[in-house]
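For reference, the chains in residue letters:
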Amino acid sequence: MRCFPRVLNWCFALLLIGHQIQIARCTLAIPTPNPTQVPTPHTFRFQNPLQCLRNEFYNLNLFDCVPCNEVGAGDGDLGKLQPDKFSCKCPTGHLSIYERGKAWPTCDEICAPDRSDNCTSVWLPQPRPSAYCSYRYLNTTSVFASQLPVHPLISGIILTQTNPASSVGDCHTCDLGHNFRYQGFCLATTLLRPYLHYNAFWQATTSSKPDASAPGHFGDLKFVAFFCLTLRNDTACQQLANLCVLSHFSLEKHSPCSAFLLTQVSDVVMKYAHSGEQSRSLQPFLFYKKGRVTKDLLSKTLQLPDRKELRLFSTTFGLDGGLKRWGAFYPEMLNMCQQPAPSLRLALPEQESEVSCQLTLERLIDLANQQANDEFLTVFLNFSSNWQFLLHQLPVLIETLTPENQRPQQEEWQLVKRFQLISATPRDTRLHQTLPRYEDAHKLQQYYSLRYVEDMELHYTVDKDQPDRVGLPLIRLRYRHIEIGAGNASLFQLYPFRLRISHEQVKRGWDWLVLEVVLPLLLLLAFAAAIFRLQNLRRRRKADLCQFSSLMEFLLQLAGNVAYALLATALLLLLLQASSPRLLKILLYPACLLQLLFLGVQLWRSSQLELFLIDWERPRSSCEGQRLNLDSSSLCSSVRTFVAESSVSAWRVLFTANAWIRLSVSQKYSTLGQVLVVIAAYQFLERFTNGDLGLRCCLLAAIYLLTYLLQIIGHHLFIANPLQKFIDLCSLANISLFSLTEPGFGYYIHGRSPHGFADTDMSSMILQLQRTQTMCGRRGLLMDSDKQAYIILPPRNLHIYLERLLLPFQRSLTGSLSQTLLYQKDIVSSIDGQMERTSIAYASVNRFFCAFIDHAIKDMDYIIKEKSLVEQLLNCEIDNYITENKGTFYIDDSFSFSRVLLLGNHLHIFVLELLLLLSIFLMASNLLIAAAAACVFNLLLRQVFRHWVRRNVSRKTLIDERFLL
């Protein structure tokens with residue numbers, strides 16, 4: 001009880017979070033108004049470098065001016081940092097101290113011995129660096145400098161133009177025994193230790209994979225990674241990204257891509273994690289995340305500043321990480337044919353949107369020589385949002401990168417943001433004899449292999465309703481790999497090339513509305529209904545929600561509700577003709593499994609309810625002067641306390657029990673009739689579907705649903721209500737039915753005859769009929785009412801007292817006779833004794849229920865009331881009066897006890913049959929197989945449920961199973 005408010009609070013919190021996530025998804029199509037404040041890896045606000053202030057440098061990854069002292073106030077003497085166009089650096093005469101976890105170095109002034117002013121430095125004394133030093137030294141240090149107000153303890157990497165270990169200011173030697181030499185730097189060996197694992201990728205490219213790339217490109221990989229990941233040098237990071245592209249986005253653990261995969265692709269973080277790499281957001285942005293993010297990215301639409309053409313922007317970086325060009329992008333920059341390239345005009349005619357040709361191997365080698373693996377492109381789209389002009393990086397899909405990229409499922413694609421037009425693997429001329437340059441065959445000896453783009457497509461969508469909005473363009477690339485070193489290559493071999501710009505006019509269909517709006521609302525409603533159902537069951541079971549059983553009950557109810565939500569979504573998509581076979585399978589298969597699970601558990605529980613048949617008949621009188629049974633009245637609660645030989649016959653109880661079993665498996669509709677109608681109608685109307693699978697599924701669902709509705713209406717109008725007929729049978733047999741589905745919830749059918757007895761001869765029965773013509777007898781539990789069906793919430797002690805009455809009988813079944821049994825002092829352990837104990841237990845339970853219904857038990861009573869309209873609609877009990885000794889009987893005009901029968905679960909059964917029919921039809925594309933499966937399922941369901949009910953009736957009513965049908 002106490003934890004229920006907490007459960008509700010958590011549920012509402014989850015719903016709120018889900019709503020916020022949905023809002024975030026809906027706003028994905030609107031870029032961030034100010035990307036400089038909240039930078040994203042896709043969208044940027046372009047700022048001209050000429051607008052940068054004196055203390056700002058230009059960030060090439062964000063296209064924005066960034067102050068040198070922007071990050072982390074208190075990181076040392078940040079004011080000494082000076083902008084150097086694309087980065088920040090310390091001024092001349094200062095040490096650069098790089099500390100882990102900080103974005104900027106600390107600048108410390110170098111003091112000369114001849115300085116007379118108060119010059120304080122980490123290094124004391126230290127001469128000024130010479131202007132003609134050969135090396136810049138890199139080493140680690142941990143120096144305590146209490147005189148520094150900002151950094152009392154500096155532990156980092158020192159970069160200086162002099163050798164700090166030398167007192168004479170040596171800057172021309174680099175001991176390779178303890179250092180590495182790289183591009184004018186002398187690096188201490190300890191600094192490169194976390195990055196030596198990159199040598200494994202270099203060894204792989206030089207031995208077993210000569211076509212991956214040239215050894216000279218990856219031999220310095222560990223140095224590039226060190227400068228990028230530790231010193232955070234943007235040029236080194238650009239070079240590392242280019243090496244990743246050059247390796248064709250290698251997914252090996254020690255490839256140049258590992259650091260980008262670690263920080264930019266969430267689902268491979270653990271695979272590519274390394275102790276020497278920090279999991280910070282690494283720039284430049286090179287990868288897109290996979291999954292739902294990719295699908296949302298490709299489905300967004302953007303507002304164009306120009307309604308006539310696409311305005312594209314591109315950047316080109318060299319292999320060394322330096323910026324070679326930026327500016328407007330034109331397709332001609334990627335055209336390798338002699339014909340003019342297509343333009344970027346919107347909705348270009350098909351005949352003008354493509355150019356293709358055959359390229360000779362000599363032409364490809366010339367292009368490789370021209371670009372020399374030194375051009376790496378990134379393309380952006382100019383668009384507007386909130387009256388701002390923004391840039392959005394175009395996703396690049398390389399079809400030959402992974403097998404997933406060739407599949408139609410967008411969420412499995414691995415998109416990238418940078419690409420090459422052509423790359424080549426140079427041959428090592430020191431190991432092979434080469435021909436003179438003036439010979440044509442010399443070109444064949446330059447490279448081991450080539451990789452070039454043989455098919456390039458720029459694809460975008462145009463909204464029919466809003467021509468100025470286009471879908472985010474996608475660059476699709478397919479590379480071809482050419483082996484030249486095989487010896488059979490010829491300069492005149494031809495290879496295809498195609499460049500095209502394609503578009504598709506789309507209109508936001510109904511599928512978007514159904515999947516993005518209707519389905520989430522239905523799932524939210526299913527969740528709320530499961531919560532409400534759980535709260536109602538808590539009152540009926542008198543249990544706390546903080547239990548494992550409550551969680552399982554919630555999941556069960558949620559499974560059934562989600563199945564209905566998925567089916568409703570699928571039917572709506574079929575009705576609107578906005579579905580695909582794959583989408584239908586995604587919706588119907590899980591719905592079928594969930595509904596099967598829910599229905600199986602629901603029917604099992606219904607068949608195992610506590611069931612008692614209350615016999616109101618008194619023993620027949622043995623007085624000699626009495627001829628007719630009309631002179632005997634019902635003794636009700638004053639049933640004799642011993643078993644007499646003159647007890648009434650058991651046939652009325654047996655007939656009632658068998659009638660209950662027959663009623664339990666009766667249905668409101670015929671599955672076989674439905675299937676026959678569906679097959680006939682489908683054969684007649686199939687020709688109008690033109691073979692479309694969606695139309696055929698829609699036709700099947702419509703016919704099956706319409707047939708079901710007609711059968712339900714016909715059953716209600718033309719067939720007598722079997723539930724009322726069973727109640728009439730109970731009144732005729734003078735037997736009431738008391739059932740409990742939960743310890744605190746059940747149903748009661750008052751079958752007490754108004755004449756007092758039912759087991760009589762023909763003369764008494766004729767006299768009864770004559771009396772009913774002059775005297776109206778009322779069947780109801782109340783004297784002035786004919787209401788016989790009730791929903792009951794019994795007193796809490798009723799179930800406990802009932803278990804005590806049945807305990808002796810249950811012990812006798814298990815053979816435990818260690819305790820004295822009630823009314824069994826003279827009974828021996830035999831077959832006759834077993835039957836006698838059964839009769840005694842039945843008489844005890846019957847006497848107890850007779851007394852309870854007649855309000856004859858002092859400490860156990862009930863009241864009778866009607867349900868409100870809200871309670872009837874929601875199938876709940878809001879205002880009930882239940883205590884340990886008092887319960888509530890609700891008048892049930894809708895015969896709610898049918899919920900424990902197939903009659904009351906006909907909708908659940910129909911839904912499962914429909915799901916099974918559509919699912920098998922989607923799998924086999926054969927209506928006969930699907931229809932046969934639905935019929936077989938219904939037959940098995942009825943047989944299994946009948947078996948469950950029959951065994952339960954025998955066990956709960958103490959009737960031998962041989963007497964049951």
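What counts, and where the lines are drawn
- Residues numbered from 1 in each chain as written.
- Predicted model: local features only at pLDDT ≥ 70, side-chain atom pairs only at ≥ 80, totals over all residues.
- Heavy atoms only, no water.
- Buried < 20%, exposed > 50% of the residue type's maximum accessible area, 1.4 Å probe, protein only.
- Helix = DSSP H or I, 4+ residues; strand = E, 2+ residues; numbered from the N terminus.
- Pairing = 2+ DSSP bridges.
- Salt bridge = Lys/Arg side-chain N within 4 Å of Asp/Glu carboxyl O.
- Phe/Tyr/Trp six-rings, centres within 6.5 Å; stacked < 30°, edge-to-face > 60°.
- Core = buried A, V, L, I, M, F, W, Y, C linked by side-chain atoms within 4.5 Å.
- Contact = heavy atoms within 4.5 Å.
- pLDDT = per-residue confidence, 0-100.
- Axes fitted to C-alpha atoms, helices over the stretch in contact; angles between N-to-C directions.

**Student:** Explain the pairing of strand 24 (residues 610-615) to me, please; I cannot follow it from the model alone.
**Tutor:** Both faces of the sheet carry side chains from a regular strand, because those side chains alternate between them. Among the six residues of strand 24, five are classified as buried, and the element is accordingly described as predominantly covered. Alignment of strand 24 against strand 25 (residues 735-742), held across six bridges, turns out to be antiparallel. In the sheet register, phenylalanine 612 faces strand 25, and the bridge partner there is phenylalanine 738.

**Student:** Just to check I follow, could you spell out the pattern of salt bridges for this structure?
**Tutor:** Between side chains of opposite charge, a pair can form as their charged atoms come close. Tallying each qualifying case throughout the model produces 20 salt bridges. The residue glutamate 412 makes a salt bridge to arginine 407 at a minimum N-O spacing of 3.0 Å. Assessed through its relative accessible area of 38%, arginine 407 is described here as partly exposed. Of the charged contacts, one joins glutamate 553 and arginine 605 as a salt bridge, the two residues approaching to 2.5 Å between their closest N and O atoms. One end of the pair, glutamate 553, is in helix 12 (residues 548-576); the other, arginine 605, is in helix 13 (residues 581-607), and 52 residues separate them in sequence. Among the ionic contacts, a cluster of salt bridges with common partners joins Glu354, Glu399, Glu454, Asp455, Arg476, Arg478, Arg480 and Arg498.

**Student:** Whenever I open this one, the packing of aromatic side chains confuses me. Can you help?
**Tutor:** For any pair of aromatic rings, the description consists of the separation of the ring centres together with the inter-plane angle of the planes. Scanning the entire structure with this criterion turns up 43 aromatic pairs. Ring geometry for tyrosine 195 and phenylalanine 226: centres 6.0 Å apart, planes at 75°, overall edge-to-face. In this pair, tyrosine 195 is assigned in the loop between helix 2 (189-192) and helix 3 (199-206) and phenylalanine 226 in helix 5 (residues 221-229), connecting sequence segments 31 residues apart. With respect to class, tyrosine 195 is no different from phenylalanine 226; both count as buried. For the ring pair phenylalanine 612 and phenylalanine 849, a centre distance of 5.1 Å and an interplane angle of 40° mean the geometry is tilted.

**Student:** What is the right way to look at the nonpolar core in this model?
**Tutor:** Nonpolar side chains in soluble globular proteins generally cluster together in the buried interior. Grouped together as the largest cluster of nonpolar side chains are 104 residues, with contacts concentrated most on Leu138, Phe226, Phe287, Phe419 and Leu450. When residues no more than four places from it in sequence are discounted, the contact partners of phenylalanine 226 are Leu138, Ile157, Leu187, Leu191, Leu192, Tyr195 and Leu231. Formed by 92 residues, the second largest nonpolar core is a distinct cluster that contains Tyr704, Leu723, Ile727 and Ala930.

**Student:** I keep staring at the environment of glutamate 252 and nothing clicks. Help me out?
**Tutor:** Tracing the chain through its elements places glutamate 252 in the loop between helix 6 (234-246) and helix 7 (258-264). Through-space distance from the C-alpha of glutamate 252 to that of phenylalanine 201 is 8.0 Å; in sequence the pair is 51 residues apart.

**Student:** Would you explain the confidence of the model for the chain in this entry?
**Tutor:** Reading fine detail from the predicted coordinates is not recommended where pLDDT is low. Mean pLDDT for the chain: 78, with 75% of residues reaching 70 or above. Predicted confidence for residues 70-77 stays below pLDDT 50, and this span has 15 contacts to residues more than four positions away or in other chains.

**Student:** What's the story with the sheet that holds strand 25 in this structure? I'm lost.
**Tutor:** Backbone-to-backbone hydrogen bonds pair the strands of a sheet. The strands run either parallel or antiparallel. The six strands are arranged 24-25-26-27-29-28 in an open sheet whose pairing can be described as mixed. Of all the strands in the sheet, the pair left with one neighbour each is strand 24 and strand 28 (861-866). Within the sheet, the average angular offset between the axes of one strand and its neighbour, ignoring direction, is 25°. The pairing of strand 25 with strand 26 (residues 745-749) spans five bridges and is antiparallel. In the sheet register, serine 739 faces strand 26, and the bridge partner there is tyrosine 747. Against the sheet, helix 14 (residues 651-665) contacts strand 24 and strand 25, and its axis sits at roughly 145° relative to strand 24.

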